[in-house]
Amino acid sequence: MNNVIECINLTHYYGKKLVYENLNFHVPGGSILGLLGKNGSGKTTTINILNGFLQPRSGKCLIYGEDSQRLTPANKARIGFLIEGHIQYAFMDIHQIEKFYSGFYPRWNREPYWELMSKLKVTPHQKISTMSCGQRSQVALGLILAQDPDLLILDDFSMGLDPGYRRLFIDYLREYAKSRNKTIFTTSHIVQDMERLIDDVLIMDYNRVLTQRPVAEFMREFKQFCFELEDEKAEIPRNGLIANLERVKDKVELYTYETEDKVRGYLHEQGIAVKNFRRQEMNLEDAFIGLTGKY
């Protein structure tokens with residue numbers, strides 16, 4: 001499968017503050033990749049480098065084999081961007097704005113836009129200025145889908161949406177992408193949305209990538225074990241087996257890619273007695289917090 005996006009040794013600073021160094025990742029064609037990370041870990045920076053708004057300190061991002069800083073018009077026409085904030089012309093109504101945008105895009109397909117508007121239950125002559133933040137974001141997304149791009153780059157697509165509309169849009173977006181073989185690179189602060197939408201997950205911490213893999217594989221292989229220490233003063237040495245460890249007094253949450261037997265064996269080797277040892281099932285948000293830490 002060919003990669004639509006390839007970021008190679010990407011390094012960026014804001015002044016003297018390092019955002020990340022030698023960041024490498026790729027997005028295969030026809031896949032939906034979700035970029036997750038804490039605030040300040042570089043999600044929007046990466047989006048801005050991809051859309052050419054920001055020049056990295058070093059390294060490069062390729063989109064369809066071209067440097068994202070110097071895309072040809074032909075490849076620019078294949079990409080739909082949603083930037084954080086969902087800026088729109090508030091004085092227009094949803095019919096006027098669709099007609100306005102359609103004149104700029106030769107591949108314009110109004111069907112997905114109006115399908116999405118019908119799901120929002122808004123009238124064709126409802127003005128953007130009278131809409132909620134969540135409704136405005138759906139107008140912006142509908143306009144991007146109508147451009148019929150091959151690649152969608154969406155920054156915080158669910159901003160302002162209530163749970164019902166988020167679920168509705170996520171289901172619609174996934175079906176749209178898969179039925180038309182679209183590629184999506186997206187971020188969201190609402191991690192539980194991503195589990196329903198994405199094929200692959202890329203989790204970033206400050207200055208580094210923690211993992212990139214299929215989300216189903218990540219959820220299968222990344223584990224949380226909970227237990228209590230017999231001796232509250234006991235210390236658990238960190239090693240490669242432990243991806244993260246959270247502790248409150250004698251209660252421990254240990255996160256790892258290893259098996260239960262290996263975790264138990266490691267604790268035994270260290271002379272650490274435990275009780276109530278169990279594996280805790282996780283959703284994607286639990287796993288994300290487990291891997292990146294609560295603080």
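Our subject is the structure that appears above.
Quick notes on the rules
Residues numbered from 1 in each chain as written. Predicted model: local features only at pLDDT ≥ 70, side-chain atom pairs only at ≥ 80, totals over all residues. Heavy atoms only, no water. Helix = DSSP H or I, 4+ residues; strand = E, 2+ residues; numbered from the N terminus. Buried < 20%, exposed > 50% of the residue type's maximum accessible area, 1.4 Å probe, protein only. Contact = heavy atoms within 4.5 Å. Areas by Shrake-Rupley, 256 points an atom, 1.4 Å probe, with all protein chains shown as cover. Lys, Arg positive; Asp, Glu negative; His and termini not counted. Charge placed at Lys NZ, Arg CZ, Asp CG, Glu CD. Pairing = 2+ DSSP bridges. Salt bridge = Lys/Arg side-chain N within 4 Å of Asp/Glu carboxyl O. Disulfide = S-S within 2.5 Å. Axes fitted to C-alpha atoms, helices over the stretch in contact; angles between N-to-C directions.

Describing the overall build of the chain
Here is step 1 of the chain: Along the backbone of the chain there are 10 helices and 14 strands.
Here is step 2 of the chain: Overall, the chain is about 70 × 40 × 35 Å in size when its C-alpha atoms are taken along their principal axes.
Here is step 3 of the chain: By the burial criterion, 51% of the 295 residues in the chain qualify as buried.
Here is step 4 of the chain: Put simply, of all contacts in the chain between residues at least 6 apart along the chain, 69% involve residues at least 24 apart.
Here is step 5 of the chain: In the form shown here, the chain has an accessible surface area of approximately 14300 Å², with 49% of it arising from carbon and sulfur atoms.
Here is step 6 of the chain: Distance between charge centroids for the chain: 4 Å, based on 38 positive and 38 negative side chains.

Quick look at the pairing of strand E12 (residues 244-248)
Here is step 1 of the chain: Summarising the sheet, E12 and strand E13 (residues 251-256) pair through five bridges and their orientation is antiparallel. Bridge pairing in E13 links leucine 245 to leucine 254.
Here is step 2 of the chain: Here E12 folds back onto E13 in antiparallel fashion, the turn holding two residues, of which lysine 249 has a positive phi close to 55°.

Examining the pairing of strand E2 (residues 17-28)
Here is step 1 of the chain: Sheet topology note: the strand E1 (residues 3-14)/E2 ladder contains eight bridges and is antiparallel. Residue pairing for E2: cysteine 7 is matched across the bridge by phenylalanine 25.
Here is step 2 of the chain: A loop of two residues connects E1 with E2, the two strands running antiparallel in sequence, and glycine 15 in this loop sits at a positive phi of about 65°.

Observations concerning the side chain of glutamate 228
Here is step 1 of the chain: Relative to the assigned elements, glutamate 228 resides in strand E11 (residues 223-229).
Here is step 2 of the chain: Buried within the structure, glutamate 228 lacks any salt-bridge partner; lysine 275 is the closest side chain of opposite charge, at an N-O distance of 4.2 Å.
Here is step 3 of the chain: Not counting the four nearest positions on each side in its chain, glutamate 228 is found in contact with Asp250, Lys251, Ala273, Val274, Lys275 and Asn276.

Re the state of the cysteines
Here is step 1 of the chain: Counted under the stated rule, the structure contains one disulfide.
Here is step 2 of the chain: With a sulfur-sulfur separation of 2.2 Å, cysteine 7 is cross-linked through a disulfide to cysteine 61. With the S-S dihedral at roughly 100°, the linkage between cysteine 7 and cysteine 61 falls on the right-handed side. Of this pair, cysteine 7 sits in strand E1 while cysteine 61 sits in strand E4 (residues 58-63), and the two are 54 residues apart along the sequence.
Here is step 3 of the chain: For cysteine 7, a relative accessible area of 2% gives the class buried.

Thoughts on unusual backbone geometry
Here is step 1 of the chain: The phi dihedral of lysine 121 is positive, around 60°, even though this residue is not glycine.
Here is step 2 of the chain: With a relative accessible area of 72%, lysine 121 lands in the exposed category.
Here is step 3 of the chain: Residue aspartate 148 is not a glycine yet carries a positive backbone phi of 60°.
Here is step 4 of the chain: Considering the arrangement of structural elements, one finds aspartate 148 in the loop between helix H5 (133-146) and strand E7 (151-155).
Here is step 5 of the chain: Judged by relative accessible area, aspartate 148 falls into the buried class, the value being 19%.

As for the environment of leucine 71
Here is step 1 of the chain: Its place among the elements puts leucine 71 in the loop between strand E5 (66-67) and helix H2 (73-76).
Here is step 2 of the chain: The exposure class of leucine 71 is buried, given its relative accessible area of 11%.
Here is step 3 of the chain: Filtering out sequence-adjacent residues up to four positions away, leucine 71 remains in contact with Ile63, Glu66, Lys76 and Ile79.

Some remarks on the sheet that holds E5
Here is step 1 of the chain: One open sheet holds the four strands; their spatial order is E2-E1-E4-E5, and the pairing between them is antiparallel. A single partner strand is all that each edge strand has here, and the edge strands are E2 and E5.
Here is step 2 of the chain: The pairing of E4 with E5 spans two bridges and is antiparallel. Looking at the pairing, isoleucine 63 lines up with glutamate 66 of E5.
Here is step 3 of the chain: In the packing of helix H1 (residues 43-50) onto the sheet, contacts are made with E1, E2 and E4, and the angle to E2 comes to roughly 65°.

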